[in-house]
Amino acid sequence: MDDGYGVCGMGGEGILIELRGIGYTYPGRNIPVLDGCDFTLYESERIGLIGSNGSGKTTLFHIMMGLVKPAVGTVEIFGKTMKKEKDFVKARQRIGLLFQDSDDQLFCPTVLEDVAFGPLNMGKNLGEARDIAIRTLNAVGLSGFEDRITTKLSGGEKRIAALAAVLAMEPRVLLLDEPTTGLDEVTKDRLIDILIRLDKPMIIISHEYDFLSKTTKILCSMKQGRISKNGGVHFHHHIHAHVHGDDPHKHE
Amino acid sequence: MLNEKAIDHSSLMARFDPRLKIIGMVLFSVLVAVMERKAAIGFAFLLSITMVFLSGLKFRDVVKGLAPVNSMVIFLWFFLPLSVNGVDIRILGPLTASREGIDLAVLITLKANVMMLMFISFAATTNVMTAGQALACLGLPSKLVHLFFFTYRYIFVIESEFITLRTAMAIRGFVPRTSVHTYRSYAYLVGMLLVRSWDRAERVYRAMICRGFNGTFYSLSGFAMTRKDGVIFGVMCLWMMVMGYVEWVVKAF
Amino acid sequence: MHISEGVLRPEILAGTAFLTAGFVAAGLRRIDEKEIPAMGILSAAFFVASLVHVPAGPVSVHLVLNGLLGIILGIRAFPSILIALFLQALMFQFGGFTSLGANTLNMALPAFVCWLALGWAGKPETGSKTVGLVGFLVGFFSVFLAGVMVGLTLAMNGEAFYPAAKTAVLAHVPVMFIEGVLTSSCLLFIRQVKPEMLAGQAGKKSRW
Ligand SMILES: Nc1ncnc2c1ncn2[C@@H]1O[C@H](COP(=O)(O)OP(=O)(O)OP(=O)(O)O)[C@@H](O)[C@H]1O
Ligand SMILES: [Mg+2]
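Here the structure is a predicted model, which is why all the values come from computation and not from measurement.

Q: Quick rundown of the arrangement of the chains? Include the residues and the values.
A: Contacts between protein chains span 2 pairs of chains, and they are most numerous for chains B and C. The two units chain A and chain C are non-contacting; their minimal C-alpha-C-alpha distance is 9 Å.

As structure tokens, this is what we get:
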């Protein structure tokens, strides 16, 4: 499909998403959520984004997707300045956003229909959409879940199904909003495995350093409406030998 | 509180094509609604009870399903035997009731239960989502069907939010009483549910446009009719003709 | 109060079904394809809220909330209530199939009338005292009218049903006061927390 973006990295040396001087205040609030925020995502970069609750991380993603329109500043996606809703309609097909709450994302009766929803909207015919959906479900380890009712999945299964729904659109960039909330260790490891194998540029919001250190290369933090790259925080891998003996203990 | 009924997919009714099942149920209900003869309703009962048997339902579940209808029926039994003019018959001591009134109450009781049995055999063997799809196939406006899907999809999410909120209230010592405080607290609870679902609606819509939604829905699933479906439906129709024959041609009883 | 299957005469069933179909079609025309998710989710919230039981003296009654629904949705309350009642029939065997038209009309017409008469109060500039009062009236009259409609439907069935019809109307009286108090507080809550929810149908503009 010709979406007008063509080859990657046109213009600005492989810049995928660029925000310049973004400012946004929610209606009815006096403190801005984002205030002169600059941010760049380059081709093949994987960025982990941390920040306290309410610091504006989710809002930032929604601005990148054009779901929230900033008061000031510019959004550039694949080298193109986003001005109108129409620009975003195209851009959204190439950026996959995983929402913080999977129940917001899965709305079809069955998993298969939900995963096929994106491809169908992109103009694929029924057979193609079905094939893509089945293939994507297999890739994330949800084969056999095709006819399961979305409401009856566990929290973790919902998360992975929502990820499949995003991946089925074959996006060039992934934005994942706290993908690990509610996942147990096993599912988390499976998610890490999926993400590492994906080989796509992505931004991941998470409060878990451990998870970010395994899936991303760069860490950014969000504070007072701005983003700083490697803002004083570095990953340090530590080997943690768990020799507990008989005493129960706590990690501080 | 809310529970989706588990459907026993092995029963004959569960495997019956949902479109034909709906058409059959609708025809049957309309037919019984216009019938006035007890003999004809007896024939209708035979069909609906057969359908219930073919649904593989537990006796207890059938009784439970009939309860709401019969609460209205019992309510009417308090009035109809006394409010219809006619031949008085003595019931107990000085208490009398009219034969015509009792006749009317009996007729309503029979009709209500016979129709409900058929409805139960449909409702208990058809997934709600499948019912929606079948209705769409039968030409129900697509907007209504999609509205139906969204409503059903989010009932469970909102109900769990409701339970969380109510538990949070109970933990803080809230005990419902007949008082303005109780009603105001419930009003806030309802208000909170509505506001949250409003916000959720916004997020769901955003998630949908992120996946390219532009107002059109596409459906993957279809139904396939088999010869067996045709046979069941044919038998139902034949039997309904018998019912009509007894009601309007023979005019028995 | 749901009127169950087998009670009403066929001509009443046909008449109410016909009227309901007309109103539902009018309501659907007012819903943009893009608003369907929001309408559905709101309907779901009302469905859940109407399962809430509140104490009323020695017994408990469940909420109706058709007035509140009318204020927020306007004429779009018709499809929303139809779906809720159909789901109640499917999931709990309340009402039934043939009486769906009558039951929808009995609940949704009062909602619509309340919106016609009092929907203006949803505008953001309305004072909180007015909203509180209007809320009470909406809650009170939506249930009152629903009771009257149920009574009328039964009474149309024949003279023999008059006593039952009267009792059915009377049974709604305690609920009217409860719904009045509840709807009043609820409207004030929404006005404070999410005023745009009330404004949508007051100005009759679409949400997005
Ligand atoms: N619809 C809204 N209306 C008003 N304020 C909002 C709205 N959505 C978010 N906010 C506010 O904006 C701020 C940033 O919210 P956002 O959801 O972007 O935070 P976040 O960094 O994603 O937090 P978390 O880690 O809890 O997910 C918060 O203070 C929040 O209260
Ligand atoms: Mg967030």
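There is more to say, and it comes next.
Q: Tell me about the interface of chain B and chain A, and name the residues and values.
A: Contact with chain B, which involves 25 residues of that partner, is made by 30 residues of chain A. Taking both partners together, chain B and chain A bury about 2700 Å²; carbon and sulfur atoms supply 60% of that area. Looking only at chain B, the three residues that lose the most surface to chain A are Arg153(B), Arg211(B) and Leu220(B), adding up to 34% of its buried area. Applying the counting rule to chain B against chain A returns 5 salt bridges. There are 10 residue pairs in polar contact (both at pLDDT 80 or more) connecting chain B and chain A. Secondary structure elements with two or more residues in the side of chain B that touches chain A: helix 7 (128-137), helix 8 (142-171) and helix 9 (180-210) of chain B. A per-class count over the side of chain B that touches chain A returns 13 nonpolar, 6 polar and 6 charged.

Q: Account for the confidence of the model for chain A, with residues named and values stated.
A: Close reading of the predicted structure is inappropriate where its pLDDT is low. Residue and element names in this part refer to chain A. On average, residues of chain A carry a pLDDT of 85, and 86% of them reach 70 or more. The least confident element of chain A is helix 3 (residues 102-105), whose mean pLDDT is 87; the most confident is strand 8 (residues 202-205), at 96. Note that pLDDT drops below 50 for residues 237-252; the model gives that stretch 4 contacts with residues more than four away or on any other chain.

Q: Could you give me a rundown of a positive patch on the surface, with the residues and numbers involved?
A: All names here are of chain A. On the surface, a cluster of positive charge is contributed by Lys 80, Lys 83, Lys 84, Lys 86 and Lys 90. Assignment of secondary structure puts Lys 86 in helix 2 (residues 85-92). Taking relative accessible area as the criterion, Lys 86 reaches 67% and is therefore assigned exposed.

Q: Go over the domain arrangement of chain B, please, and point to the residues and values.
A: Residues and elements named next belong to chain B. Its domain assignment divides chain B into domain 1 (4-135 + 222-248) and domain 2 (139-210). A C-alpha centroid distance of 33 Å is found between domain 1 and domain 2. Each side of the interface is counted separately: domain 1 has 6 residues, and domain 2 has 8 residues. Summing both partners gives a buried area of about 690 Å² for domain 1 against domain 2, and 76% of it is carried by carbon and sulfur.

Q: Tell me about the sheet that holds strand 6 (residues 95-98) of chain A, residues and numbers included.
A: Residue and element names in this part refer to chain A. Taken in spatial order, the 6 strands line up as 6-7-8-3-9-10 in an open sheet, and their pairing is mixed. At either end of the open sheet lies a strand with only one pairing partner, and these are strand 6 and strand 10 (226-229). The mean inter-strand angle of the sheet, taken between neighbouring strand axes irrespective of direction, is 20°. Where strand 6 meets strand 7 (residues 173-177), 4 bridges bridge the pair, whose relative direction is parallel. In the strand pairing of strand 7, Gly 96 is matched with Leu 174.

What counts and what doesn't
Residues numbered from 1 in each chain as written. Chains lettered and ligands numbered in written order. Predicted model: local features only at pLDDT ≥ 70, side-chain atom pairs only at ≥ 80, totals over all residues. Heavy atoms only, no water. Contact = heavy atoms within 4.5 Å. Buried area = accessible area lost by both parts, 1.4 Å probe. Salt bridge = Lys/Arg side-chain N within 4 Å of Asp/Glu carboxyl O. Polar contact = N/O pair within 3.5 Å; in protein donor to acceptor, adjacent residues only side chain to side chain. Helix = DSSP H or I, 4+ residues; strand = E, 2+ residues; numbered from the N terminus. Nonpolar A, V, L, I, M, F, W, Y, C, P; charged D, E, K, R; others polar. pLDDT = per-residue confidence, 0-100. Patch = residues over 30% accessible without salt bridge, like charges linked within 9 Å, V, L, I, M, F, W, Y side chains within 5 Å. Areas by Shrake-Rupley, 256 points an atom, 1.4 Å probe, with all protein chains shown as cover. Lys, Arg positive; Asp, Glu negative; His and termini not counted. Charge placed at Lys NZ, Arg CZ, Asp CG, Glu CD. Buried < 20%, exposed > 50% of the residue type's maximum accessible area, 1.4 Å probe, protein only. Domains from an automatic or database assignment. Pairing = 2+ DSSP bridges. Axes fitted to C-alpha atoms, helices over the stretch in contact; angles between N-to-C directions.

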